[in-house]
Structures are given as structure tokens and as C-alpha cells.
Amino acid sequence: MTDRLLTAAWVVWTALRAEQRGMRTRPTVVVVSVVQPVALLAVVAGTRSLTPDRTSVVVSAVVLTAMWSATVWTAGGVLRRERSYGTLARSVTSQFSPSLVLFGRSLGATLYSVACILASSAAVIVLLRLRVAVPHPLWLLAALLVVLASGTALGMLLSCLFLVTRHGLAWSSALIYPVFILGGLLIPPDALPEWLRWVPALLSLHWVHEFVVGLSSGAVRATPLAVAVALTMAYLVAAVGCLRAAVDAGRRRGTLELV
Amino acid sequence: MSGPAVEVTGVGRVFGRGRDQVVALRDVTFQVAEGQILGILGSNGAGKTTLTKILATLLEPSTGTARVFGHDVRRELRAVRRLTGVVFGGDRGFYGALSGRENLRYFAMLAGVGRRAIRAKVDDALADVGLAEAARRPVETYSKGMRQRLHIALGLVAEPRLLLLDEPTVGLDPVEAERLRGTVARLRSTGVSILLTSHYLLDIERLADRVLILSRGTVTMDTTAGEFARSAGFAATVTVRGRGPTPQRFDALGATAEDVEEQGGVWTVRLRVPEWGGGTFERLSAALAGLEVLAVDVAPVRLEDVYATVMGRLSADEPTGTRAP
Ligand SMILES: Nc1ncnc2c1ncn2[C@@H]1O[C@H](COP(=O)(O)OP(=O)(O)OP(=O)(O)O)[C@@H](O)[C@H]1O
Ligand SMILES: [Mg+2]
């Protein structure tokens, strides 16, 4: 039993490292997880003088928005890239569950993106001498962990969707901006028309943001974080089911380009 | 261990629906005994890769059953995968930014090579295919032949008991191709069963114990390598060059002249000798007596000839085939 767990951990670790090594050479990674947060933060921070707790909310919104782009373009592209490299067959028909392998790769991509986004945001904060309030560091850390888990699960789900729809690149571009506008991060949900307010509710990152907004006003409201965790679980379950169905259908119909 | 390594019974595979439907395999039945090499021949689109994919669990058969060491390829995926190594070859199939070793290590892990053994096995496989020195370079800098060798290392690294090789020598230089044939022969001697498709008849000639011919998805020939070589209907080709009037008949040999050429008073005649036995040489001398012979070349039947003859015969039998009048 422990040996199986160790092996599973090793599979995840190896997949994670392989994904991260591949990311070092991809320019999109720099655009979405370095250029984008720096640009957004510079623009927003320069517009008016912010109080420290307002700044935390802005930083949270920027970091989470960048996180969404990074998830779509990096973790969400894992299977699409596997197909273009011709490695899809070996990745999804190995000795291990395809979901375990995908989990490792998605986690690798998400960790890398989060590290880049946080480092570049921190650099902007220092350079522009922004004052940020950090009211409950431990809760903030918990929120960060939820972001990591959420990014990983969302990346897995998007990966599967982009694989089965076959037009992954087009879908990636098409998904980015609606979420920028409707995701409840940059534009508060109550500024949205009534009939569109359900959109942010489906995005775990929006709930994390709500939680951080609560923190910055001094209150620890656990409900938004719990909703984010629940949505993360739902993404994960959907991803595992979707991947299994896609691989089975691919083997049956010969459509998954399993070579 | 009893039972065949591969047992394919009535396997069919259809792609698409309606008017776009393609029947890639139709009622294919054959076996590969443990430790045997089965060579699969067939023209482009005959269904060789489809068959290989089915045995590798990448594709489900539409009908029939296929078993690898008794494990059903439809139901016992993991067991089949644990016992099987696959080489499809080609330029793709790797992470270009990662080194050869990193790629191999990753795929060896996926193939089930254990944590403790992986380093040694990866190094062995790299050395086996002559990539030890290039192992640190990113795969995107590899030449076609180096990629092909990495594919082969990938198929071997988990020490499979059944190896599926789909055109493994494509893109290899003659020295590397020969080295691969050596590796395959060595694997067979350790009891590995091998299914080998190739358009290079030299691969089949050197390695195969049995030969299977696929033609438009059906098995049209399944025989031993020796039987296959005999099925051309002749044992040797004799090429004679001479001057003077061109001879047409070589009755003493029981052969007729084929491919007669004449240029500047010198003729070249190719003969197919049905059998090569004790007295053949004397009969050849007798047949050539009285001719002004410049050169004689005797070559045993080559697999190219056999293949051309067999395929010619098959397309002549084909009821719907288009044939020149
Ligand atoms: N995924 C697929 N979808 C539709 N048709 C397919 C698919 N894969 C193979 N086919 C068709 O099945 C037939 C057999 O293809 P296959 O690749 O098995 O041939 P092959 O014998 O390997 O040919 P080659 O010598 O060119 O490699 C072809 O007509 C091919 O177009
Ligand atoms: Mg083929």
C-alpha cells in the first residue's frame, strides 16, 4: 500500500518536473505569468492613490486574473500539446491512470505559473513602493493553497475540454476575455447585468478573491473559501470523468490520434 | 509458459461511418508463438499499423478478439501494456525541449519501470541504441535517425516480452539498421516475441521466422519464412551477357529467357531457374555451349522477387482490382 502511494507520488513528481522543464522554453509562459501581471498592476496601481487594504484587493484581483490566463494557456494546454508532440498515446495509455499523469503535469504547470506571477507582482510592489496590508498571513497562505489546487484542477478540466473539442487554440483565446470581464475579478459582479451574475459564481478563483476581499477588511469569512474548495473538487471530478471518456472514445473510434 | 504470445482471432476494424467508412482490417486471424518473430508485409494502407495499434491497446477491434499472452487487449489493458513494448517511430513522439535521457526516463516511468531500477535501465537502453553521448542534448536537436533510435530505446526500456515494431528501420543508416537487426535477433534469443512490419524486405529476410501478408485488411498469406521464399516459384536468377545472335530458349535448364536487352551487339538475358540442385551447374554450362558468353551472374532468389511475384499474383486474383489489360 505505502509502496503504491510512493509510486503514485513519484509519477506525479516526474510528470510535474517534465512539465516544468518544458515550460522554461515557451514564450507564452513569460507573457501570461510575467508581462501580464506586471502590466495590469502597473496600470491599476498608477491610477489613484490606494490605501494599503485597497491595494491588497487590487493585487489579489491582478494575481488571480493572471492565474486564469496562465491556467488556460499552460495547464489547460497540456493535452493539446501532447497531441501536437505526438506523445498523447503514451501519456494516456500507460501503466498508470491518465488522470494521475495529467494531475502531475497540471500541478507542475500551475506551480510554475504561480511562482512567476507572485515573483513578478512582488517585484512591481517593491519597485512602485506600494503599501500592501497583509491582515491574516496564515489565511492568506490557505487561500494560496486553494488557488494552487484550483488552478491544477481547472487546468486538468480545460485540458480535457480542449482535447475533445479539437480546436483547443481557438477555444483558449475565446475563453480568456469573457472571464476577464465576467469572472468577477477585475469588474465586481454587482457591476454586471443581473442575468450574467451567475458566471463568476462558477469560477473558483472569484470565490478566493471574495475571501481575500473579506480578509482585507479584517474579517475571516470562511464560506467563500469553502465554495472555492467545493468548486475545485467539482472541476477535478469532471476532469477525471472527461479524460476517461475521451480516452475510451478514442480507442473505440480511433479519433484521439493515439499515435 | 504455454500458449502463444499473440493470438488474433477474426479481428476486424472499421473507421468512420456511412460513405466515409474504411474497412482497415477484415477477419484477421493468426498467432505468434513465444520467442518467434513474425514479419508483416503489405502495401501502404494494408492495415499493418492498425493491427499493431490494436495489439498495443491504442485501438479497439470492431470485431473479433486479440490476446497477448492470454490477456484480452480489450479488457486487460494494463496486463497487456506491461508485457508489450511498441515502436512506431517517426519524427514526433517526444518532448523536444527535454533531453533524450529525460524523455526516456519519463516514458520508462510511464511504462512501469520501477523507481530503483530506472536509472540503470535508461542508461542501458541509451547505450543499446548508441545514444549515450547525445543523451544530454534536447531531442529537438536530434537527427531523424537519432529520433528513430530513441523510439527504439523507448520500446525496449521496460524489457517487454512482446515487442511490436512498426517499420523500425525507417530513417536509419545502413550501419544503424544492421545494429538494430542485431538487437532484434539478440532479443529473440532471450525469448522475446516480436511482431515486425517493414517495407524493407532485408529486415524480414534476416529476422522473420514467419511471414504474414496483409492485403487490403485481409491475411492473404501466412507461412514460414522458408515457405515464403519458395513461393516465388523459382530458386535463382541467372543473368547472362554475350555477343552474337540473341538466344531465346534455354531448354537444358528448363528456363525461358526473360528481360532480354540488346545494346551495341551485346545482349543481356535474365533467366529464372525453377530449382537449383546437384546437376544444375552442368546443365547451365550445356545451355550456354556454343554461345559467345561475356559474363554470367548467378543469384539466389531475393525476397524482393518473391514479394513482387506474390503481390502480382494477389492483385491478379483480386476480383475488383484494376488491372492493365
Ligand atoms: N484513425 C483512422 N481514421 C480513419 N481511417 C484510418 C485511421 N487509421 C487508419 N485508417 C485507414 O485504415 C487503412 C489502414 O491503415 P494503416 O495505417 O493500418 O495502413 P498500413 O498498412 O500501416 O500502411 P503504411 O504502409 O502506409 O504504413 C487505411 O486506409 C487508412 O486510411
Ligand atoms: Mg503503417
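What you see is a predicted model, and the numbers here were worked out from it, not measured in a lab.

Conventions we followed
Residues numbered from 1 in each chain as written. Chains lettered and ligands numbered in written order. Predicted model: local features only at pLDDT ≥ 70, side-chain atom pairs only at ≥ 80, totals over all residues. Heavy atoms only, no water. Helix = DSSP H or I, 4+ residues; strand = E, 2+ residues; numbered from the N terminus. Rg over C-alpha atoms; globule rule 2.2 N^0.38 Å. Buried < 20%, exposed > 50% of the residue type's maximum accessible area, 1.4 Å probe, protein only. Contact = heavy atoms within 4.5 Å. Areas by Shrake-Rupley, 256 points an atom, 1.4 Å probe, with all protein chains shown as cover. Lys, Arg positive; Asp, Glu negative; His and termini not counted. Charge placed at Lys NZ, Arg CZ, Asp CG, Glu CD. Axes fitted to C-alpha atoms, helices over the stretch in contact; angles between N-to-C directions. Parallel < 35°, antiparallel > 145°, perpendicular 65-115°, else oblique. Left-handed = near helix turned anticlockwise from the far one by under 90°. Nonpolar A, V, L, I, M, F, W, Y, C, P; charged D, E, K, R; others polar. Domains from an automatic or database assignment. Near = heavy atom within 4 Å. Polar contact = N/O pair within 3.5 Å; in protein donor to acceptor, adjacent residues only side chain to side chain. Phe/Tyr/Trp six-rings, centres within 6.5 Å; stacked < 30°, edge-to-face > 60°. Pairing = 2+ DSSP bridges. Buried area = accessible area lost by both parts, 1.4 Å probe. Salt bridge = Lys/Arg side-chain N within 4 Å of Asp/Glu carboxyl O.

Peer 1: What am I meant to see in the overall build of chain A here?
Peer 2: Broken down by element type, chain A carries 11 helices and 0 strands. Helices and strands in chain A line up, N terminus first, as α-α-α-α-α-α-α-α-α-α-α. Here the C-alpha radius of gyration of chain A, 19 Å, is about what a compact globule of 259 residues would show, namely 18 Å. The dimensions of chain A, computed from C-alpha atoms along their principal axes, are 60 × 45 × 35 Å. Within chain A, the proportion of its 259 residues that are buried is 52%. Partitioning the contacts of chain A with sequence separation of at least 6, the portion at a separation of at least 24 is 78%. Per element, the accessible surface of chain A, about 11,500 Å² overall, is 71% carbon and sulfur. Averaging the coordinates of the 21 positive side-chain charges in chain A and doing the same for the 9 negative ones gives two points 7 Å apart.

Peer 1: Help me understand the packing of helix H3 (residues 100–110) of chain B against helix H4 (residues 118–128) of chain B in this model?
Peer 2: The relative placement of two packed helices is expressed as an angle between their axes plus a distance between the axes. Residues and elements named next belong to chain B. It is the contact of H3 with H4, at a shortest axis distance of 10 Å, that shows an interaxial angle of 125 degrees. As the angle between them shows, H3 and H4 are arranged oblique. Between H3 and H4 lies a crossing of right-handed hand. Residues Arg101, Leu104, Arg105, Ala108 and Met109 of H3 pack against Ile118, Val122, Asp123, Ala125 and Leu126 of H4. Of the residues contributing to the contact of H3 with H4, the split by class is 7 nonpolar, no polar and 3 charged.

Peer 1: I tried to follow the domain arrangement of chain B on my own but got confused; where do I start?
Peer 2: Put simply, an interface is often sized by how much accessible area is lost when its parts join up. Assigned domains within chain B: domain 1 (6–230) and domain 2 (236–300). One C-alpha centre belongs to domain 1 of chain B, the other to domain 2 of chain B, and the line joining them spans 43 Å.

Peer 1: Just to check I follow, could you spell out the site of ligand 1 for this structure?
Peer 2: Ligand 1 sits among 14 residues. The nearest are B:Gly45, B:Gly47, B:Lys48, B:Thr49 and B:Thr50. Mapping the residues near ligand 1 onto chains gives chains A and B. The separation between an oxygen atom of ligand 1 and a polar main-chain atom of B:Gly45 is 2.8 Å. About the coverage of ligand 1: the protein hides 65% of its 640 Å² of free accessible area. When residues of the shell around ligand 1 are traced back to their parent elements, those giving at least two are strand E2 (22–32) and helix H1 (48–55) of chain B. Sorting elements by how many residues they give to the shell around ligand 1 places H1(B) first, with 3 residues. Classifying every residue of the shell around ligand 1 by side-chain character gives 4 nonpolar, 8 polar and 2 charged.

Peer 1: Which parts of the structure should I look at to understand the packing of aromatic side chains?
Peer 2: Aromatic ring pairs: the centre-centre distance and the angle between the two ring planes describe each pair. Residue and element names in this part refer to chain B. Summed over the entire model, instances satisfying the criterion amount to 6 aromatic pairs over all chains. For the ring pair Tyr95 and Tyr106, a centre distance of 5.7 Å and an interplane angle of 65 degrees mean the geometry is edge-to-face. Linking Tyr95 in the loop between strand E6 (84–87) and H3 with Tyr106 in helix H3, this pair joins segments that are 11 residues apart in sequence. A single burial state applies to Tyr95 and to Tyr106, both of which are buried. Ring centres of Tyr95 and Phe107 lie 5.6 Å apart, and the angle between their planes is 5 degrees; on these two criteria the pair is classed as stacked.

Peer 1: Quick question: what am I supposed to make of the sheet that holds strand E3 (residues 37–41) of chain B here?
Peer 2: Strands pair in a sheet through their backbones, by hydrogen bonds, and they do so in one of two ways: parallel or antiparallel. Residues and elements named next belong to chain B. Taken together, the 6 strands give an open sheet; going across it, the order is E6-E7-E8-E3-E9-E10, and neighbouring strands pair in mixed fashion. Every other strand in the sheet has two partners, leaving E6 and strand E10 (218–224) as the edge strands with one partner each. Averaged over neighbouring strand pairs, the angle between their axes works out to 15 degrees when direction is ignored. Where strand E7 (residues 162–166) and strand E8 (residues 193–197) come together, 5 bridges link them in parallel fashion. What sits directly across from Leu165, in E8, is Leu196. Packing against the sheet, helix H6 (residues 174–189) makes contact with E3, E7 and E8, and its axis sits at approximately 150 degrees to E8.

Peer 1: Looking at this model, I keep getting lost on the interface of chain B and chain A. Mind explaining?
Peer 2: Taken together, the 35 residues of chain B in the interface contact 34 residues of chain A. Together, the buried faces of chain B and chain A total about 3,000 Å²; carbon and sulfur atoms form 55% of this surface. Per-residue buried area on chain B facing chain A is highest for B:Leu58, B:Leu110 and B:Arg115; these three make up 22% of the total on that side. Joining chain B to chain A, the criterion identifies 3 salt bridges. For A:Asp3, the salt bridge is made with B:Arg115, and the minimal N-O distance between the two is 3.0 Å. Counting across the chain B and chain A interface gives 19 residue pairs in polar contact (both at pLDDT 80 or more). When contributions to the side of chain B that touches chain A are tallied by element, the ones reaching two or more residues are strand E1 (6–15), helix H2 (77–83) and H3 of chain B. At 6 residues, H3(B) tops the list of elements feeding residues into the side of chain B that touches chain A. By residue class, the composition of the side of chain B that touches chain A is 19 nonpolar, 4 polar and 12 charged.

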